[in-house]
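Examination of the molecular architecture
Residues per chain are reported as follows:
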Amino acid sequence: MSNSTVMKFVSGGFNLFFCIPVISWVFVVGLSAMPLFLLFILHLVTFIFSLIDKRRFHGSVVGMTAAFMGWIPVLGFFMHVIATTLLIVDGFKSRKDDKEVEI
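These lines cover the structure that appears in this document, whether it is placed above or below. (Residues numbered from 1 in each chain as written. Predicted model: local features only at pLDDT ≥ 70, side-chain atom pairs only at ≥ 80, totals over all residues. Heavy atoms only, no water.)

Section: the packing of aromatic side chains
The relation between two aromatic rings is expressed through the spacing of the ring centres and the mutual angle of the planes. Enumeration over the complete set of coordinates arrives at six aromatic pairs. Consider the rings of Phe17 and Phe27, whose centres lie 5.3 Å apart with planes at 85°: the pair is edge-to-face. Residue Phe17 is located in helix α1 (residues 3-17), and its partner Phe27 is located in helix α2 (residues 21-30); the two are separated by 10 residues in the primary sequence. Owing to a relative accessible area of 35%, Phe27 belongs among the partly exposed residues under this scheme. Here the aromatic residues Phe17, Phe18 and Phe27 are joined through ring pairs into a cluster of three or more. (Phe/Tyr/Trp six-rings, centres within 6.5 Å; stacked < 30°, edge-to-face > 60°. Helix = DSSP H or I, 4+ residues; strand = E, 2+ residues; numbered from the N terminus. Buried < 20%, exposed > 50% of the residue type's maximum accessible area, 1.4 Å probe, protein only.)

Overview of the nonpolar core
Side chains of nonpolar character tend, in soluble globular proteins, to be buried together. Formed by Met7, Phe18, Val28, Leu36, Leu39, Leu42 and Ala67, the largest nonpolar core amounts to seven residues. Of the residues forming this core, the biggest block, three residues, is contributed by helix α3 (residues 34-52). Non-local contacts of Leu39, meaning those with residues more than four positions away in its chain, are made with Phe14, Asn15, Phe18, Ala67 and His80. (Core = buried A, V, L, I, M, F, W, Y, C linked by side-chain atoms within 4.5 Å. Contact = heavy atoms within 4.5 Å.)

Points about the pattern of salt bridges
Between side chains of opposite charge, a pair can form when the charged atoms approach closely. With the rule as written, the count across this model stands at two salt bridges. As a salt-bridge pair, Asp90 and Lys8 come within 3.6 Å of each other at their nearest N and O atoms. Highlighted residues: Asp90 in helix α5 (residues 73-102) and Lys8 in helix α1, separated in sequence by 82 residues. Arg56 serves as the salt-bridge partner of Asp90, at 3.5 Å between the closest nitrogen and oxygen. Of this pair, Asp90 sits in helix α5 while Arg56 sits in the loop between α3 and α4 (58-69), and the two are 34 residues apart along the sequence. The exposure class of Asp90 is buried, given its relative accessible area of 2%. (Salt bridge = Lys/Arg side-chain N within 4 Å of Asp/Glu carboxyl O.)

By themselves, these figures tell us nothing about what the structure is for.
What follows is the structure, encoded as structure tokens:
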């Protein structure tokens, strides 16, 4: 698997935690929004790897937006759900593309 594919699964997995409404909100507020900043950096790294590998990067862009808007409870929740879905689906599509290239 390419670096961008691995990073899509990693950032999608971390993003999945932020789809848990009350627990993730308490986590973010308790740590003064530092997890959202770290999640933004993770999505930025995924975005850069996707550009280098010439892969789809829309999941990372939505993820960066979700990390930026994550402090707004309802909007942040829905943005994280969308970003998680896009990243995981993108990861599986990229994995399939990687297998086609290797053959």
